[in-house]
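Each chain, letter by letter, is given below.
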Amino acid sequence: MPTSVAALETTLTASGAPSKLVERIEETSSVATAESRGLDTPLEILSAALSDYRTIVQILYDEGYFSPVVSIKLDGQEAAEISSLSVPAQINRAVITVNTGPTFKFGEAVVVPLAPETELPEDFATGQLATTGAIQRAASAGVQGWRNAGHAKAGVEDEQVIARHAQARLDARVDLAPGPRLTFGKMFIKGDSDVRHRSIEKVAGFPSGEVYSPEQIQKVGTRLRRTGTFNVVSIEEHETPNPDGTLDFDAYFEDLPKRRLTFGFEIASRDGIDVTATWTHRNVFRRAERLRFEAALRNIGGAEDLDGRIGLRLDQPDRLGPDDNTFWSALIERRNTDNYNVTITSLAYGARRTFSDRLYAEASAGFQWSNADDAFGDGRKFRYFIIPTRSEWDQRDSKVSATRGFYLDSQIMPFVGLSGTETGIRFFFDGRGYTSLNTEGRIVLAGRVQVGSVLGPSLDGVTPDFLFFSGGAGSVRGQPFESLGIPVGNEVAGGKSFLGLSGEVRGKITEAISLVGFYDYGVVDSSSFVTSAAASHSGAGLGVRYDLGGFGPLRLDLAVPVQGDTGDGLQFYIGIGQAF
């Protein structure tokens with residue numbers, strides 16, 4: 001007796017069915033896809049045909065057809081009538097015939113009882129196309145409504161679905177069992193983590209005693225993941241509540257590797273190459289801390305002298321509340337530019353408040369020492385007690401290549417002069433907005449506004465790294481880096497105020513390649529607020545982006561000056577990620 005099918009000829013007929021439905025049946029049917037599935041014996045073909053009855057009927061139910069007729073004939077004989085004990089020695093032809101029947105509409109569409117403020121799907125209503133998917137979504141919405149109201153063990157108690165064929169109507173009723181309203185009990189820490197249990201509890205902020213809420217559990221998981229210590233955080237509720245109406249949870253953890261090393265680079269035609277590296281040590285003292293060391297070397301092969309920075313930051317997530325952490329930061333930096341040279345040393349201690357995954361604020365207090373050579377003289381010393389504050393609100397759909405949303409970065413830093421240094425306050429704001437004009441990201445308009453101001457000290461009474469310049473990749477492309485400032489004799493100093501405007505039009509050529517047109521404009525003034533007499537310049541150009549996936553696009557921008565006398569000729573910029 002033959003043990004294989006030489007060449008199975010398959011025919012599918014579904015008169016009147018939409019083409020997408022026919023395609024779905026063809027792609028799902030085990031008989032229609034027998035060759036690709038490796039089904040090559042008569043017994044396997046028969047088994048596939050018998051399973052296809054249920055599969056095809058379920059697909060039709062999903063699409064609103066509740067009175068279908070499905071026939072699957074193997075060499076002219078209905079597969080359902082073939083005994084598995086007397087399988088034909090050979091099967092050469094399979095004919096699948098589907099009569100969908102009419103589409104059904106919902107008659108009765110009820111989920112009871114419902115928790116207050118529960119919204120059922122719009123497609124589960126009288127007169128709407130009846131599908132099994134709509135019933136399932138309505139049942140899930142009903143259960144979730146009760147869970148949101150504190151009934152953690154809510155579930156479906158019964159489902160009644162009646163197909164009324166004469167009227168092509170489907171009556172569906174879902175009965176829910178809300179169960180008791182529960183409160184949070186205890187969180188038991190499981191798994192093999194090096195983090196101390198007390199620190200995990202402090203960071204998690206598990207809401208023991210509060211009414212159960214799925215949102216609260218999500219917050220607990222988010223807080224723990226936010227530390228950057230754990231590779232896996234899984235919080236599972238117990239199957240059975242406690243007799244006192246509380247519900248306990250088990251928390252499982254898997255730690256990330258202790259150390260992480262990253263590298264980056266950026267190249268510009270005039271400024272040369274900038275190289276950066278970071279080294280991160282997680283869970284330093286077993287309290288989920290994160291120690292981050294960063295180093296940068298700039299102007300390699302550029303027009304300016306080599307400079308760089310070394311910075312340290314230690315984040316301590318278990319010192320304050322569950323959404324807060326404290327941090328230490330230290331910095332040693334040397335900046336060499338055409339307009340000034342400055343050596344900066346700073347040390348600060350602060351706290352960070354995380355309001356959500358997209359909004360945070362932090363403040364610190366510390367000291368900064370600056371030694372500068374600039375337009376006002378050499379060897380100038382500045383000593384400050386600083387209180388930098390910052391808030392960041394990020395509503396972009398992507399941090400590396402946004403197509404919609406906005407990003408707001410606000411910085412305020414009061415500084416108190418020591419040893420004869422002048423006192424004041426520094427402001428800086430960076431706002432970015434994006435829209436894709438309903439093109440699903442094919443065309444993106446991006447805009448940026450930067451505003452800065454220094455209040456209090458005289459222009460020559462403040463360290464040059466607090467002042468503002470314009471020009472370069474971060475402000476006005478096409479103009480040399482920090483080329484626009486305030487003339488002081490034959491030299492240039494930074495201004496006490498700055499306004500920067502940038503606009504881009506990004507258009508996809510292929511899924512990976514995009515072209516960009518951009519225009520940047522910058523203004524710097526000697527007063528604390530930009531006036532009409534302030535000096536300005538602008539640049540424009542074209543760019544190309546090649547998408548690197550999660551890393552963002554590889555960026556190449558070519559730009560030329562448009563207005564102002566601070567630069568001439570072509571400038572180019574290469575980096576990873578959008579310009580803003």
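Since this is a predicted model, take the numbers as computed values, not measurements.

Counting secondary structure elements, the protein contains six helices and 29 strands. Computed over C-alpha atoms, the radius of gyration of the protein comes to 33 Å, more than 25% over the 25 Å expected from 2.2 N^0.38 for 580 residues, which places it beyond the range of a compact globule. Taking the principal axes of the C-alpha coordinates as reference, the protein spans close to 100 × 65 × 50 Å. For the protein, the residues scored as buried account for 43% of the 580 residues in total. For the protein, the proportion of contacts with a sequence separation of at least 24, taken over those separated by at least 6, is 57%.

One finds Leu21, Ile56, Leu60, Ile72, Leu74 and Ala79 to be the most contacted residues of the largest nonpolar core, which totals 26 residues. Breaking this core down by element, the ones donating at least two residues are α1 (19-28), α3 (42-62), β2 (69-74) and β4 (93-99). Here this core takes eight residues from α3, the largest share from any one element. Filtering out sequence-adjacent residues up to four positions away, alanine 79 remains in contact with Leu46, Ala49, Leu50, Tyr53, Ile72, Lys73 and Leu74. In terms of nonpolar packing, the next biggest core, distinct from the first, is built from 22 residues, Ala152, Val203, Phe249 and Ala288 among them.

Spatially, four strands are ordered β1-β4-β2-β3 in an open sheet, and the strand pairing comes out mixed. Edge positions in the sheet fall to β1 (9-13) and β3 (77-78), since each has one partner strand and no second. Bridge analysis of β2 against β3 gives two bridges, and the strand direction is antiparallel. Looking across to β3, one finds that leucine 74 is bridged to glutamine 77.

Among the residues of α1, Leu21, Val22 and Ile25 are the ones counted as buried. Taken down its axis, α1 places every buried residue within 100 degrees of arc, on the same side. Exposed residues pointing more than 90 degrees away from the buried face of α1 are listed as Ser19, Lys20 and Glu27. In this structure, the buried residues of α1 make contact with β1 and α3.

Okay, unusual backbone geometry next. A cis amide bond links valine 112 with the next residue in sequence, proline 113, at an omega value of -15 degrees. Within the secondary structure layout, proline 113 lies in the loop between β5 (105-112) and α4 (132-148).

A separate point is the sheet that holds strand β7 (residues 169-177). Spatial strand order, β5-β7-β6: three strands in an open sheet with mixed pairing. Unpaired on one side and paired on the other, β5 and β6 (155-164) mark the two borders of the sheet. Between one strand and the next, the sheet's axes are offset by a mean angle of 10 degrees, whatever the strand orientation. Bridging between β6 and β7 involves nine bridges; their strand directions are antiparallel. Bridge assignment links isoleucine 162 to a residue of β7, and that residue is aspartate 171. Relative to β7, α4 is tilted by about 25 degrees, and along the sheet it contacts β5, β6 and β7.

Now for helix α6 (residues 214-226). With 13 residues, α6 should reach 18 Å at 1.5 Å per residue; the first-to-last C-alpha distance of 18 Å fits that figure. All of the buried residues along α6 are Pro214, Ile217, Val220, Gly221, Arg223 and Leu224. Along its buried surface, α6 packs onto α4, β8 (183-192), α5 (197-204), β9 (230-237) and β10 (246-255). One or two residues past the end of α6 sits glycine 228, with phi positive at roughly 75 degrees.

On the secondary structure map, aspartate 378 appears in strand β18 (residues 377-386). Taking the C-alpha atoms as reference, aspartate 378 lies 9.1 Å from asparagine 341; in sequence the two are 37 residues apart. Not counting the four nearest positions on each side in its chain, aspartate 378 is found in contact with Ala372 and Asp373.

A word on the side chain of threonine 132. Along the chain, threonine 132 turns up in helix α4. A relative accessible area of 13% places threonine 132 in the buried class. Among all residues touching threonine 132, those that are not within four sequence positions of it are Gln58, Tyr61, Asp62 and Phe66.

The next thing to look at is the confidence of the model for the protein. Confidence along the protein averages 93 in pLDDT terms, with 98% of residues attaining 70 or more. Mean pLDDT in the protein bottoms out at strand β11 (residues 259-268), which sits at 86, and peaks at strand β21 (residues 424-435), which reaches 98. pLDDT under 50 marks residues 1-5. Its contacts with residues more than four places away, or in other chains, come to 15 contacts.

Along β4, the buried face is formed by Ala94, Ile96 and Val98; none of Arg93, Val95, Thr97 and Asn99, which line the opposite face, is buried. As defined by bridge partners, β1 adjoins β4 across five bridges and the pair is classed as parallel. Residue pairing across strands places leucine 12 opposite isoleucine 96, the latter belonging to β4. Sheet topology note: the β2/β4 ladder contains six bridges and is antiparallel. Paired with isoleucine 72 across the bridge in β4 is isoleucine 96.

This brings us to the pattern of salt bridges. Overall, the coordinates contain 42 salt bridges when judged by the stated rule. The closest approach of N and O atoms between glutamate 63 and arginine 24, which form a salt bridge, is 3.0 Å. Highlighted residues: glutamate 63 in the loop between α3 and β2 and arginine 24 in helix α1, separated in sequence by 39 residues. One salt bridge in this structure joins arginine 223 and aspartate 323, with 3.0 Å as the shortest N-O distance. Within this pair, whereas arginine 223 is found in helix α6, its partner aspartate 323 is found in the loop between β14 (307-316) and β15 (324-336), the two being separated by 100 residues in sequence.

Definitions and limits used
Residues numbered from 1 in each chain as written. Predicted model: local features only at pLDDT ≥ 70, side-chain atom pairs only at ≥ 80, totals over all residues. Heavy atoms only, no water. Helix = DSSP H or I, 4+ residues; strand = E, 2+ residues; numbered from the N terminus. Rg over C-alpha atoms; globule rule 2.2 N^0.38 Å. Buried < 20%, exposed > 50% of the residue type's maximum accessible area, 1.4 Å probe, protein only. Contact = heavy atoms within 4.5 Å. Core = buried A, V, L, I, M, F, W, Y, C linked by side-chain atoms within 4.5 Å. Pairing = 2+ DSSP bridges. Arc of directions from axis to C-beta. Axes fitted to C-alpha atoms, helices over the stretch in contact; angles between N-to-C directions. Expected span 1.5 Å × (residues − 1). pLDDT = per-residue confidence, 0-100. Salt bridge = Lys/Arg side-chain N within 4 Å of Asp/Glu carboxyl O.

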